[in-house]
Amino acid sequence: ILILNFEQNLNELVQILKRQQYTVSYLSDGSNITDVSKKSSPQLIIINDINNQGIPTVQQVRQRDSRIPVLFLTKNSDEKKAVQAIKLGVNDYFRTPFAYHDVLSSVCRLFKMMAQSENSIQNPFVGDSHMMHNICAYLKQVAETDSTVLITGDTGTGKEMAAHFIHNRSNR
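Values in this document were obtained by computation on a predicted structure and should not be read as measured data.

Asker: Sorry, what's going on with the overall build of the protein here?
Answerer: Broken down by element type, the protein carries seven helices and five strands. Helices (α) and strands (β) of the protein occur, in sequence order from the N terminus, as β-α-β-α-β-α-β-α-β-α-α-α. Every one of the 172 residues in the protein was classed for burial, and the buried ones make up 35%.

And the structure:
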């Protein structure tokens, strides 16, 4: 978990997250998000809206990676800012002072959703036969290449699932 625009009033939240076995790092300035992206890739970002820098920070995060879950903490909440944050893809929005258990609950929910999503990406195919394991292994090999792939087969045999499987693992 990465906290951007860190302030001392978030120390208790950091301690609660660490007690739950989350690895937490933080930056006092969210404008350095591009530097962070080169060094590490957090699984979740919490953005603290200080000096009205929260929305620009969300925009930077979304430019870097549109899939990473984002929580937004703000003191000066208004409807316009909330709508703007949600439109930018913020997963949860909290007005300070907030209940720590609400933020922790949101963090747990988002990590659970990511795990479920990862499991469905791991193997979207039904079946546990030796042949299905061979097909999955072959598709993983294909995904690692930089080649164009043509998938053929009869209707209903899983061509589209195979294509998604390759696409989700490909660097392209």
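The rest of the description comes next.
Asker: Help me out: how do you make sense of the packing of aromatic side chains in this one?
Answerer: Geometrically, a pair of aromatic rings is defined through the distance of the ring centres and the angle of the planes. Counted by the stated rule, this structure contains five aromatic pairs. Plain terms: the ring middles of Phe6 and Tyr26 are 4.0 Å apart, the flat faces sit at 20° to each other, and that makes the pair stacked. One end of the pair, Phe6, is in the loop between strand E1 (2–4) and helix H1 (11–19); the other, Tyr26, is in strand E2 (residues 25–27), and 20 residues separate them in sequence. Judged by relative accessible area, which is 10%, Phe6 ranks as buried. Pairing Tyr22 with Phe111 gives two aromatic rings, centres 5.1 Å apart and planes at 25°, and the pair type is stacked. Of this pair, Tyr22 sits in the loop between H1 and E2 while Phe111 sits in helix H5 (residues 100–122), placing them 89 residues apart in sequence. Phe111 carries the same exposure label as Tyr22, and that label is buried. Aromatic rings pair up to connect Phe94, Phe98 and Tyr100 into one cluster.

Asker: What exactly am I supposed to notice about the side chain of Asn48 here?
Answerer: As for its placement among the helices and strands, Asn48 is situated in strand E3 (residues 45–49). A residue is classified by how much of its surface remains accessible, and Asn48, at 4% relative accessible area, is buried. Side chain to side chain, Asn48 and Glu7 meet in a polar contact 3.0 Å long. If near-sequence neighbours (up to four positions away) are discounted, Asn48 is found in contact with Leu4, Asn5, Glu7, Leu10 and Leu73.

Asker: Would you take a moment to explain the pattern of salt bridges for this structure?
Answerer: Once the charged atoms of two side chains with opposite charge are near each other, the side chains can pair. Within the structure shown, the criterion is met by three salt bridges. The partner of Lys75 in a salt bridge is Glu7, with the nearest N and O atoms 3.7 Å apart. In this pair, Lys75 sits in the loop between strand E4 (70–74) and helix H4 (79–87) while Glu7 sits in the loop between E1 and H1, placing the two residues 68 residues apart along the sequence. Between Asp92 and Arg109 there is a salt bridge, with the nearest N and O atoms lying 2.8 Å from each other. One end of the pair, Asp92, is in strand E5 (residues 92–95); the other, Arg109, is in helix H5, with 17 residues separating them in the sequence.

Asker: Can you help me understand helix H3 (residues 54–64) in this one?
Answerer: Helical geometry note: an α-helix holds 3.6 residues per turn, so side chains three or four residues apart project in the same direction. Those residues of H3 lying buried are Gly54, Ile55, Thr57, Val58, Val61 and Arg62. In a view along the axis of H3, the buried residues occupy a sector of 155°, so they form one face of it.

Asker: I tried to follow the sheet that holds E1 on my own but got confused; where do I start?
Answerer: Each strand in a sheet pairs with another by means of backbone hydrogen bonds, the pair being arranged parallel or else antiparallel. If you trace the five strands from one edge of the open sheet to the other, you get E2-E1-E3-E4-E5, paired in parallel fashion. Looking at which strands have only one partner, the edges of the open sheet turn out to be E2 and E5. Put simply, the sheet's adjacent strands are angled 20° from each other on average, direction ignored. Where E1 meets E2, three bridges bridge the pair, whose relative direction is parallel. Across the sheet, the residue bridging to Leu2 is Ser25, located in E2. Its contacts with the sheet place H3 against E1, E3 and E4, and it is angled at close to 155° to E3. With respect to the sheet, H4 is in contact with E3, E4 and E5, its orientation differing from that of E5 by roughly 155°.

Conventions we followed
- Residues numbered from 1 in each chain as written.
- Predicted model: local features only at pLDDT ≥ 70, side-chain atom pairs only at ≥ 80, totals over all residues.
- Heavy atoms only, no water.
- Helix = DSSP H or I, 4+ residues; strand = E, 2+ residues; numbered from the N terminus.
- Buried < 20%, exposed > 50% of the residue type's maximum accessible area, 1.4 Å probe, protein only.
- Phe/Tyr/Trp six-rings, centres within 6.5 Å; stacked < 30°, edge-to-face > 60°.
- Polar contact = N/O pair within 3.5 Å; in protein donor to acceptor, adjacent residues only side chain to side chain.
- Contact = heavy atoms within 4.5 Å.
- Salt bridge = Lys/Arg side-chain N within 4 Å of Asp/Glu carboxyl O.
- Arc of directions from axis to C-beta.
- Pairing = 2+ DSSP bridges.
- Axes fitted to C-alpha atoms, helices over the stretch in contact; angles between N-to-C directions.

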